[in-house]
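Fold and geometry: a report
For reference, the chains in residue letters:
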Amino acid sequence: MGIFGIALMSRKGSKENVEEFFREMRISDVANVFAAVDKKDLSQKALIDDDLVAESAFKRMSMGEVACALSHREIFKEFLSNKKLEYAMIFEDDVMFEPGLMIQHEDIIKWIFSLAQTSKEVGWDGLNLGRCSLRRCSNDIEVLSRYFPQKKYEPINLSIINRDSQCTHAYLVTRKGAELLLEANDPIAVPEDHYRNHLSTFRYMTVKPRLFTQDRINLPGGIHSDQPSHLPECFMGTG
């Protein structure tokens, strides 16, 4: 499995956060810190002329969202260039462990490797490990469930939910999934976490409860800095 962390080198604390995150999971020796595309280096005209971004995209996307989408695309290409890799595990620089879970951080990587194998059982192409959604939790449809033991805490039950979700700070993707995502948003026309939910050929599922969320307090200034500091996994209300 390829493990990639996207770090915006011009963003204070970005690379350090990714490296510390990998250290906590004890995967620093096998994980890759990938330099994100910086919006400061982009030209709208050049992106359109080079057929990298659709002209219509700039009506709904900021340059930061374009840079984010380009960064994920570059990782997909890097992942696919290594024929030995079956899955890619991808994290953005503001990723953090879900604070509401009683979990040992060093155990999570074993769970993720186990969850990756479920793609063969339930047929997902992408698996969101840190979903955010304003849809009701009661609408979740469970397709698979696994119990994972812990030394210090109670075992944790992780379910795979067959429903759409947003946020791309932590997810798994198969080779087929990466190929589909590259093809579907070429040239880039919509934000990275939007189009994958609407592809009929791309099966996108999510882990419940989520294992990761976003740190928008200690690492501010991201492409969604105008949004709340904490986005819910799903909406608990009934309305």
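Preceding this section is the structure that the text describes.
The structure presented is a predicted model; accordingly, all values stated were derived computationally and were not measured. (Residues numbered from 1 in each chain as written. Predicted model: local features only at pLDDT ≥ 70, side-chain atom pairs only at ≥ 80, totals over all residues. Heavy atoms only, no water.)

Notes on the nonpolar core
- Residues F91, I108, L127, L129 and F212 are the most contacted members of the largest nonpolar core, which totals 36 residues.
- In terms of residues, this core owes the most to one element, helix α4 (residues 105–117), which gives 6 residues.
- Residue contacts for L129: discarding those within four places in its chain leaves I112, L115, A170, Y171, L172, V207, R210, L211 and F212.
- Counting residues in hydrophobic clusters, the runner-up holds 20 residues, among them L80, L180, L182 and F202. (Core = buried A, V, L, I, M, F, W, Y, C linked by side-chain atoms within 4.5 Å. Buried < 20%, exposed > 50% of the residue type's maximum accessible area, 1.4 Å probe, protein only. Helix = DSSP H or I, 4+ residues; strand = E, 2+ residues; numbered from the N terminus. Contact = heavy atoms within 4.5 Å.)

Quick look at the pattern of salt bridges
- Counted under the stated rule, the structure contains 15 salt bridges.
- Taking the shortest distance from any N to any O, the salt bridge between D186 and R73 comes out at 3.9 Å. One end of the pair, D186, is in the loop between α6 (175–184) and α7 (192–195); the other, R73, is in helix α3 (residues 63–81), with 113 residues separating them in the sequence.
- The residue D140 makes a salt bridge to K208 at a minimum N-O spacing of 3.0 Å. Taken together, the residues D140 in the loop between β5 (126–128) and β6 (142–148) and K208 in strand β9 (residues 204–208) connect sequence positions 68 residues apart.
- Looking at K208, the relative accessible area reads 29%, which means it is partly exposed.
- Among the charged side chains, a network of salt bridges with common partners joins R131, D140, K208 and E233. (Salt bridge = Lys/Arg side-chain N within 4 Å of Asp/Glu carboxyl O.)

Some points on the sheet that holds strand β8 (residues 170–174)
- Overall, mixed pairing links the 8 strands, which are arranged β2-β1-β3-β8-β5-β9-β7-β6 in an open sheet. Every other strand in the sheet has two partners, leaving β2 (31–35) and β6 as the edge strands with one partner each. Pairwise comparison of adjacent strand axes, ignoring direction, gives a mean angle of 25 degrees for this sheet.
- Of the pairings in the sheet, the one linking strand β3 (residues 87–92) to β8 comprises 5 bridges and is antiparallel in character. Pairing of F91 across the sheet is with A170, part of β8.
- Packed on one face of the sheet, helix α1 (residues 14–24) meets β1 (2–7), β2 and β3 and runs near 150 degrees to β1.
- Along the sheet, α3 contacts β1, β2, β3 and β8; its crossing angle with β3, the most-contacted strand, is approximately 155 degrees. (Pairing = 2+ DSSP bridges. Axes fitted to C-alpha atoms, helices over the stretch in contact; angles between N-to-C directions.)

Describing the state of the cysteines
- Tallied over the full model, the rule gives 2 disulfides.
- A sulfur-sulfur distance of 1.7 Å marks the disulfide that ties C132 to C167. Its S-S torsion of approximately 90 degrees makes the covalent link between C132 and C167 right-handed. Pair noted here: C132 is in the loop between β5 and β6 and C167 is in the loop between β7 (156–161) and β8, with a separation of 35 residues, a long-range link.
- The residue that forms a disulfide with C137 is C234, at a sulfur-sulfur distance of 2.0 Å. Taking the torsion about the S-S bond as the criterion, the C137 to C234 disulfide, at about 105 degrees, is right-handed. You can see C137 sitting in the loop between β5 and β6 and its partner C234 sitting in the segment after β10 (212–214), a full 97 residues away along the chain.
- Each disulfide of the protein chain joins two cysteines, and with those cysteines numbered along the sequence the arrangement is 1-3, 2-4.
- Its sulfur unpaired, C68 is 10 Å from the next cysteine sulfur, which belongs to C167.
- Overall, the relative accessible area of 16% leaves C68 in the buried class. (Disulfide = S-S within 2.5 Å.)

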